Amino acid sequence: MSEEQVIGVRDLNFSIGSKPILKGISLSVRKGAVYALVGNNGAGKTTLLKVLLGLETQYQGEIRLFGSQELLAQRRRIGAVMQMLCRNMSLRGKEHLRQMCLLCGADPATEITRVAAMTECTGYLHKRLRDCSDGMYKRILIAGALVGAPSLLILDEPFNAIDPQGMEHLRILLHTLHKGGVTILVTSHILPELVRLATDFGVICEGRMSSEGTMRSLKERGFFRYIYAVDALSDGIHRLEQEHPALCAIPYYEDTIAVISQSQPVLSEGFRFCEKAEADTEEILRYYMCGKEQTA
Amino acid sequence: MRKLLALQCRKTFCNAAAAAIFGSALLLSAAVVIFLQNISGTLSGVSDDMLETFRQGQYYNFLVVQMRSRDELEHLYTNQLLTRILNSSSLTVLLSVYISRTVTAEFRQGGFFAAVAKGCRRSSVYLSYLLVMLLFTFLLAVTYLAGFLVSATAAGIPSTEIAPGELAAVLLTQVFMLFSFSVFCTTLSVLLRQTTAAMLTAVSVVLALPSGFTYLRVVQHISFPFEKFWVLSRLSDLTGRMPEMGDYLSAAGLAIGSAAAGLLFLNCIHIKNE
């Protein structure tokens, strides 16, 4: 594994009891990338992040952080915000940041001011976390993750519960951090945001890595969007799923269906072909998230 | 580990709740003295039959303190009260429950997550929580006892000469017990993810089992050969006697065993938010 590789995972397996959650995952996050990890609910994204952060320990496989297998030491260079794990809600924002400073060995006097200014949460640091709105709360958590100037930022669903203005600000913040050389691993269901932000993508489907690559390499795979008109949208989707389980179909507009595929599918009567266009990145991600290529 | 200890100390001691708890301990100790004084005063007019209703085995049980004879009850001495209160397992159990409640809350509220994600060992985080909480509860117990001594002196309860060795021995045993019960309660709380249920289970085990053995031995005259090896039974029987080497070994074994089991278990637990 290259030294330029910030995260290297090879053949990672993880189970809870007898239920396998991650099945032979391999992924590679290069230095300076904004890596978007996408997948449906329950695909294993958060579990993968928890394994990387040491919150799950009973796994098989190889993990390297910053090219090293000394994971404990390397985790000090990581800042993380996990969707599922909140803080003590009776803490004030400032207390949370002070605790993070103590953990990172940073000087609270200067560090709190710095990270609060970066995330624009200075105005509500005096509030208890339970009194903050979801957006404010998320900003304070992100500020906490930035304490100690981490080289790798791991963000689990950072765009959830943030208003459009907050989302724009977060996008600018992540863009600035990226320009400053911070590697970012982010998961989200808001694909348009990820497409605007990310340089690399990884798609998890049912615990397996169904695809990985840069935005350019995804586009070079020759995916097209085939639009078909149907009499009734829900009936059309249902029929398509039954007759062609390997195809990825997305409701497109009114009574039209978009089929994402590398070659034009032959469909039965009732599907009237309308047009063909190059699939965009979001649609290609949707295709891999469906896991259709595994059943094809 | 040093950073973690500093962090836990800050969390535990730097809030108003801590001051309120210490203040409550002082008030409670004064209340206990007044309660005991009233009992002592009332007992002179109580018949022997009535007094016998408070008997449990060899002792008269008055909630916070146990006495062996009517004479002891009518002539309270500060040092006797002190050793009996120290030896009473209820104080240890309450402190253990408090520790387990606080540590479990940290596991659920992401304090544990934040430290582990920053590269700290799970065992170090867990031990730092326990050590600081033990320090906190030890200081709380000392505050309680100091308040008790001051209140007793102010109330005019006479004190005979207190043997420092006796007090130290009792304190040492209690610290061992406190540690082992804390680990036991905490592990149970984290495992069951139901703090109240876990605490109730722990308290039941601590209180009911030894009392059951005592009941069978004293009232039903049934004794079990394994009873003397049952650590909780042995330790709960300390009231009214000095701890022996076997008590220290039992308490230490219990502490080390439960700590090792707790660490082993917590090393593989899934961290999940509640």
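Residues numbered from 1 in each chain as written. Chains lettered and ligands numbered in written order. Predicted model: local features only at pLDDT ≥ 70, side-chain atom pairs only at ≥ 80, totals over all residues.

## Brief notes about the pairing of strand S2 (residues 19-30) of chain A
Strand residues, when the strand is regular, have side chains that alternate between the two faces of the sheet. Residue and element names in this part refer to chain A. In the sheet, strand S1 (residues 5-16) pairs with S2 via 9 bridges, with the strands oriented antiparallel. Looking across to S2, one finds that Phe14 is bridged to Leu22. Hairpin connection, S1 to S2: the antiparallel pair is bridged by 2 residues, and Gly17 has positive phi, about 65°. (Pairing = 2+ DSSP bridges. Helix = DSSP H or I, 4+ residues; strand = E, 2+ residues; numbered from the N terminus.)

## A closer look at the packing of helix H3 (residues 93-104) of chain A against helix H4 (residues 108-119) of chain A
Residue and element names in this part refer to chain A. In contact at an axis separation of 10 Å, H3 and H4 are set at 120° when each is read in the N-to-C sense. Overall, the two elements H3 and H4 adopt an arrangement that is oblique. Of the two possible hands of crossing, H3 and H4 adopt the one that is right-handed. Along the contact surface, H3 presents Lys94, Leu97, Arg98 and Cys101, while H4 presents Pro108, Glu111, Ile112 and Val115. Here the residues of the contact of H3 with H4 sort into 5 nonpolar, no polar and 3 charged. (Axes fitted to C-alpha atoms, helices over the stretch in contact; angles between N-to-C directions. Parallel < 35°, antiparallel > 145°, perpendicular 65-115°, else oblique. Left-handed = near helix turned anticlockwise from the far one by under 90°. Contact = placed C-beta atoms within 7 Å. Nonpolar A, V, L, I, M, F, W, Y, C, P; charged D, E, K, R; others polar.)

## Here we look at the interface of chain B and chain A
If you look at the interface, chain B gives 20 residues, while chain A gives 25 residues. Looking at the side of chain B that touches chain A, the elements that each hand over two or more residues are helix H1 (2-13) and helix H7 (111-117) of chain B. Ranked by residue count, the leading element in the side of chain B that touches chain A is H7 of chain B, at 6 residues. When its residues are assigned to classes, the side of chain B that touches chain A shows 9 nonpolar, 7 polar and 4 charged.

## Some thoughts on the environment of Asp156 of chain A
Residues and elements named next belong to chain A. The topology assignment puts Asp156 in strand S6 (residues 152-156). Through-space distance from the C-alpha of Asp156 to that of Thr46 is 6.9 Å; in sequence the pair is 110 residues apart. Sequence-distant contacts of Asp156, that is, excluding residues within four places in its chain, are made with Thr46, Leu49, Val81, Met82, Gln83 and Thr187.

## Thoughts on the environment of Gln8 of chain B
Residues and elements named next belong to chain B. By the secondary structure assignment, Gln8 is in helix H1. In this structure Gln8 comes out as buried when scored by C-beta crowding, with 26 C-beta atoms within 10 Å. Among all residues touching Gln8, those that are not within four sequence positions of it are Ser128, Tyr129 and Val132. (Buried ≥ 20, exposed ≤ 12 C-beta atoms within 10 Å, placed from the backbone.)

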